Every structure is written in structure tokens, then in C-alpha cells.
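Commentary on secondary and tertiary structure
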Amino acid sequence: MRVYFLSYKPAILKLNGLFVGGIDLFERHIELDLNDSVLAEIVPGENLQPVNFFINERLLFEPPDFMDVYLMENEALIYIREYGNKGVNIKVAAQTRFCGNLVTVFAQGGAYISVEGAEYSLYPLPAKFLNARFEEQTISGMPVLAIWSGNSLLILSDSGKVIFRNDVERADFGSTLDVCVSFETCTAAKAECSYYYDGSKLVLETSRTIETRPPEKNILHFAFFESVLACGDFSAYLDNDLKSKAASLKSYLGEFVSVTVPTEKFYAEHGDIRAAGLVYPKAKNLFEVKYFAVELSGDKISNIFPVE
């Protein structure tokens, strides 16, 4: 089986104790026999903890918490998305009091936020929140605590529960929470969403997706699948015959969560077709990639089919 390796931080890869090479956010692969149960060790820099695991059949069904595994046609991709920090001492990054709660962002082998009040809550966070800043705001007349780190926003209720967490281009607080979320898509799409707050959760009231630039023809099929995922006006990509079936396309394609480019091996086996990989959750930290292709009539999609 061809196994790809990705790491959110630059690291080196060892297999059965032998140095293989460096890995990062650029896909690198190696051919392995899962029956050999190869021991992999991935060592990052920045004084982070290395990770190690056996590459075998079990890994493709029960990935450990620090990685995501993507299953493709006789291929697998292993993405290391977090490393522990070697420092075990608690380091407080930011702290405030809010509605009778003591809210603390701290590091101890990783980044966390704790809320101590009538109840106690503890949530893991991305490391970038160690540069957090606090803002007391209101939504629908009720107090909330906004915690910012760059364009990442986390919102706590007055009882210390997380009611929102996402990267946003902007956020406006008031009678509703209005956010603009950017997507990394071919059309640089943005979603403008408005939420009402009922005191325990945010309720989506309105949402619209805007595609800010047209896609080039050679990537039109990627733009189409991304538009379906982002709830954009994907019917604009379809010819008249297929447009009448647009309402049923979401159920036809299923609940995919991202769109990816097919691998080199896929094109070697199937030819240079207009295909995209749709990523479906399969289990915790485990995803399956299914390939769908399109046919064009002029500059519109006339057929959509799974690649077997």
C-alpha cells in the first residue's frame, strides 16, 4: 500500500529506526506492506514531543488522537495534526473573571482553557490561543466572553460553555452574532452568517455564501464540489438538463466535509479525468475519500458520476 505522510510542523520520519526523510505539509509517500507492522517515529523540532505508532491494519481502523487518517483507493494518508510539548509545568497565558467565572488560558504540554465557577470546564485549544485576548460582549441582550487569537474566535456563555469556535474574517456582536467566514476554495468563497442566542446555544437565522471570483475552466469541477460543500449557488455550474436535478445533488453526493485533489496514483490508473476526492467521516479521526468525476458540455457540467 502507498502511504502518504503529512505533518503540521516540519519533522523527520523514521521507519523501524531508520531515517527516511523530512515531512511537512507537502505530501510524501512510501510503499509499505501493512502485514509488516512497521514502527514509525516522527520527530518535530521546537522542543515538541515525538510521536510513534505501528503502521498496520489496526491503524487504518483506530487512529490515535494525535493524527487523522484518510483512506483512498489502495492508499492511505497519515496527517500528524498535533504534538505534545515537553514542558509539563503550568504556564498561564491569559486570565480574566467573567460572570462569576475564573477563565484561564494556559499551557501544560498543550494549550487549554479552564472555566471555574458554579461548574468546572476544561477544553483543549490550538496552540495559537496562548496569545489570547478577552472581550466582554453581548448577543441578543445576554453576556458572552469573546476570546480572540488573530482571526480565531472562541465564545463562552455566562455559564462557561463554548458556544462558538471558528476562524472569522469579522464578527459583529449585538442583537445577533454576525460573522463572515472565509473558505480556502477555488473561488475564494465567503459565508455571511447571522445567529440568534437563546441563552444556551447559537441558532443560525440566515446564511449566504458568496463566491468572490470565477474559477478557471481547468478547475471548474473542484469549484463545483466546493460550492456544494459551502452551500453556494452550485446550480450555476450545471447545464440546463442537470440543473433540474440540483435539489437532489446533496443527497446524491452525501455528507462530505472537504474536497481534495486526487493523487498521482489515481491519475495513473484512471487517466486525466475531471475528478475530485470528496472526504467523508468514517470514525473518530478516520476519513474515507471517494472520487467523483464530471463531464462538461461547453463550460457547464452535464454529468456527475462516481469513479469506480
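As a starting point, this report considers the structure included with it. What you see is a predicted model, and the numbers here were worked out from it, not measured in a lab. Sequence order sets the numbering: in each chain, residues are counted from 1 along the sequence as written. This being a predicted model, a pLDDT of at least 70 is required before a residue's local features are given, and a value of 80 or more before pairs of side-chain atoms are given or counted; all residues contribute to the totals for chains, interfaces and linings. Neither water nor hydrogens contribute to the side-chain values; these are computed over all heavy atoms in the structure.

Paired through their backbone hydrogen bonds, the strands of a sheet run either parallel or antiparallel. Whether two strands pair comes down to DSSP finding at least two bridges between them. Numbered from the N terminus, helices here are DSSP runs of H or I no shorter than four residues, and strands are runs of E no shorter than two. Taking strand neighbours across the sheet as the criterion, the 4 strands line up as 13-14-15-16 in an open arrangement whose pairing is antiparallel. Only two strands of the sheet have a single neighbouring strand rather than two, namely strand 13 (133-139) and strand 16 (162-167). Neighbour-to-neighbour, the strand axes of the sheet open up by a mean angle of 20°, direction not taken into account. Looking at chain direction, strand 14 (residues 142-149) and strand 15 (residues 152-156) are connected through 5 bridges and run antiparallel. Note that in strand 15 the partner of Ala146 across the bridge is Ile155. Interaxial angle, 0 to 180 degrees, is taken between N-to-C directions of lines fitted to C-alpha atoms, where a helix line uses only the stretch in contact.

Attention now goes to helix 1 (residues 220-229). Buried, partly exposed and exposed residues are distinguished by accessible area as a fraction of the type maximum, computed with a 1.4 Å probe on protein chains only: under 20%, between the cut-offs, and over 50%, respectively. Within helix 1, 9 of the 10 residues are buried, which leaves the element mostly enclosed by the surrounding structure. For helix 1, the full list of buried residues reads Leu220, His221, Phe222, Ala223, Phe224, Phe225, Glu226, Ser227 and Val228. Two residues or fewer past helix 1, Cys231 is found with a positive phi of approximately 60°.

Positionally, Ser152 belongs in strand 15. Here Ser152 falls in the buried class, since its relative accessible area comes to 2%. Counting of polar contacts relies on pairs of N or O atoms within 3.5 Å, with two restrictions inside protein: one atom must be capable of donating a hydrogen and the other of accepting it, and residues adjacent in sequence are counted only when both atoms are side-chain atoms. Within polar-contact distance, the side chain of Ser152 engages the side chain of Lys128 at 2.7 Å. Residue contacts are defined here by distance: any two heavy atoms, one from each residue, within 4.5 Å place the two residues in contact. Apart from residues lying up to four places away in sequence, Ser152 is in contact with Lys128, Phe129, Ile147, Asn166 and Asp167.

Right, let's talk about the environment of Gly298 for a bit. Relative to the helices and strands, Gly298 resides in the loop between strand 23 (286-297) and strand 24 (300-306). Residue Gly298 is classed as exposed on the basis of its relative accessible area, which comes to 52%. For the pair Gly298 and Arg208, spaced 90 residues apart in sequence, the C-alpha separation works out to 28 Å.

Next up on the list: the environment of Gln95. Here Gln95 shows up in strand 9 (residues 91-98). Expressed as a C-alpha distance, the spacing of Gln95 and Ile113, which sit 18 residues apart in the sequence, is 9.4 Å. The residues touching Gln95, leaving out its near neighbours within four places in the chain, are Leu102, Val103, Thr104 and Phe134. Within the structure, Gln95 has its side chain in polar contact with the side chain of Thr104 (distance 2.8 Å).

Right, let's talk about the packing of aromatic side chains for a bit. Only rings of Phe, Tyr and Trp enter the pairing, Trp through its six-membered ring, and a pair is recorded when the two centres are within 6.5 Å. The plane angle decides the type: under 30 degrees is stacked, over 60 is edge-to-face, the rest tilted. Across all of its chains, the model carries 12 aromatic pairs by this definition. Arranged with centres 4.9 Å apart and planes meeting at 15°, the rings of Tyr70 and Phe287 form a pair that is stacked. In this pair, Tyr70 sits in strand 7 (residues 67-72) while Phe287 sits in strand 23, placing the two residues 217 residues apart along the sequence. Ring centres 4.3 Å apart and planes at 35° place the aromatic pair Phe266 and Tyr291 in the tilted group. Here Phe266, found in helix 4 (residues 264-270), pairs with Tyr291, found in strand 23; they are 25 residues apart in sequence, far enough to count as distant. Looking at Tyr291, the relative accessible area reads 4%, which means it is buried. An aromatic cluster is present here, built from Phe224, Phe225, Phe234 and Tyr237 joined pairwise through their rings.

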